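Remarks on the overall topology
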Amino acid sequence: MKDIIFGCGSVGEAFFWNAAESGRSVACFCDDRLAGKGNRFLGRDILTAGEALALYPDAVFLIAIPHAVHIVKSLVRQGAKHWRLAHEILTDDGYREYAYTKQRLLAVQEVEECVQFHRGMNDPQRLIVRSVDLVITERCSLRCRDCSNLMQYYRSPMNLRPTELIRDVDRLLSHVDLLSELRIIGGEPLMHPAFRLIVTELLKRERIGRIVIFTNGTIVPEESALDALANEKTTFMITDYGSLSGNVVKLEEQLSARGISYFTNPIEEWNDCASIVRHGRSLADLTALFDACCAKNLTTLLHGRLYRCPFMANATNLKAIRSASEDSVKLLDLVEMPHGTAKETLRDFLYRRDCFAACDACAGRPYGAKGIPPAIQAAHPLPYVEAP
Ligand code: SF4
Ligand code: SF4
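Residues numbered from 1 in each chain as written. Chains lettered and ligands numbered in written order. Predicted model: local features only at pLDDT ≥ 70, side-chain atom pairs only at ≥ 80, totals over all residues.

1. A short note on the environment of Ala35
With respect to the helices, strands and loops of the structure, Ala35 is situated in the loop between β2 (26–30) and β3 (40–41). Expressed as a C-alpha distance, the spacing of Ala35 and Tyr367, which sit 332 residues apart in the sequence, is 9.0 Å. Not counting residues up to four positions away in its chain, the partners in contact with Ala35 are Cys30, Ile46, Leu47, Thr48, Glu51 and Gly368. (Helix = DSSP H or I, 4+ residues; strand = E, 2+ residues; numbered from the N terminus. Contact = placed C-beta atoms within 7 Å.)

2. Description of the pairing of strand β1 (residues 3–6)
Side-chain alternation along β1 places Asp3 and Ile5 on one buried face and Ile4 and Phe6 on a second face that is also buried. Bridge analysis of β1 against β2 gives four bridges, and the strand direction is parallel. When the sheet's bridge partners are listed, Ile4 is paired in β2 with Cys28. In the classification by handedness, the crossover that spans β1, the intervening helix α1 (residues 10–22) and the parallel β2 is right-handed. (Buried ≥ 20, exposed ≤ 12 C-beta atoms within 10 Å, placed from the backbone. Pairing = 2+ DSSP bridges. Right-handed = clockwise from strand over helix to strand, strands pointing away.)

3. Focus: the sheet that holds strand β5 (residues 60–63)
Here we have six strands laid out as an open sheet, ordered β3-β4-β2-β1-β5-β6, and mixed in their pairing. At either margin of the open sheet sits one strand with a lone partner, and together these are β3 and β6 (82–84). Its contacts with the sheet put helix α3 (residues 68–77) on β1, β5 and β6, and the angle it makes with β5 is roughly 160 degrees. (Axes fitted to C-alpha atoms, helices over the stretch in contact; angles between N-to-C directions.)

4. Describing the sheet that holds strand β11 (residues 261–266)
In spatial order, the strands read β11-β10-β9-β8-β7-β12-β13-β14; together these eight strands make up an open sheet with mixed pairing. Sheet topology places β11 and β14 (329–330) at the edges, where each strand pairs with a single neighbour. Of the pairings in the sheet, the one linking strand β9 (residues 208–215) to strand β10 (residues 234–240) comprises five bridges and is parallel in character. Bridge pairing in β10 links Ile213 to Phe236.

What follows is the structure, given as structure tokens:
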């Protein structure tokens, strides 16, 4: 029986080398973002799940993506019979020595998070949250016309207040056993004047596995701020927009000098997903749109509410959509609930929902969609229609 590895990230690499060690045969990789373009990974074709199942109907899918629930549901719908999760495959710490595309420290962290997340999926006592995006500012040093976080629509962008940000994260953590990754985002988070204070305070939270700072490579923080962030839990994720990201090299040098891990991501294309238009979709269409969306697990925390993606969070914040109460979780409401009920509310919201009304205003972010040029700059904030 052949293996098919679902996911071309660090966990997929770990599965591949583990299979090689154990004498198992990997037929191909599946990755909906990369399939269909003749792409290969580690010498194997990258296919869609449907293509892979047509060729290898009895193969075992090794799920190399943390959010396995949606993947398994989708695979079963397409006829898959066998699958295995990360904690069933990586049963010893041999993965620490494998070769990875990313920096080893970062790759190993990702592998460990996935193993932990898969192990916790069926544990009713523990709630492990894979990743949350914390929006600390609506301001950005660029104004990308097609920003999927909708920053191009903000006319008077604001920084969020540090005390509220910390309070909101603490409210979430009080019901979560582990938040594997907290991603600090904006806009451009380095524009927040209290950036250092916010991150250093959050680094003290033991239930946060790592803190990843997303930046567009335009700003190098002061040396004292970088000194304060030097911590094994800190990673910078630098998006490189070429000539627009004029400080990438300088930032990389400063991070290297302090041993802070980073990953630089050159961007070639984006999804065309930044319009805010009500489509009037049926329930079936909303469900299909959500199922196919690559952003549905980018859980976003903004102004005390958790949303399933940055579009829902920012479209609501901009008042461009009137989001139904089921489309988000108000963290203050959790404070009033018994602990077990709050945990179940979060588990249901994060892992069991098949559809959201707010998706009706979104163009969708399907895997493998035709790309558009990234980071085209807009001279002025873009107009949009406020919800009635
Ligand atoms: S996509 Fe552009 S506008 Fe949006 S947050 Fe990134 S750099 Fe800023
Ligand atoms: S389709 Fe829904 S989940 Fe996906 S980005 Fe749009 S609003 Fe978010």
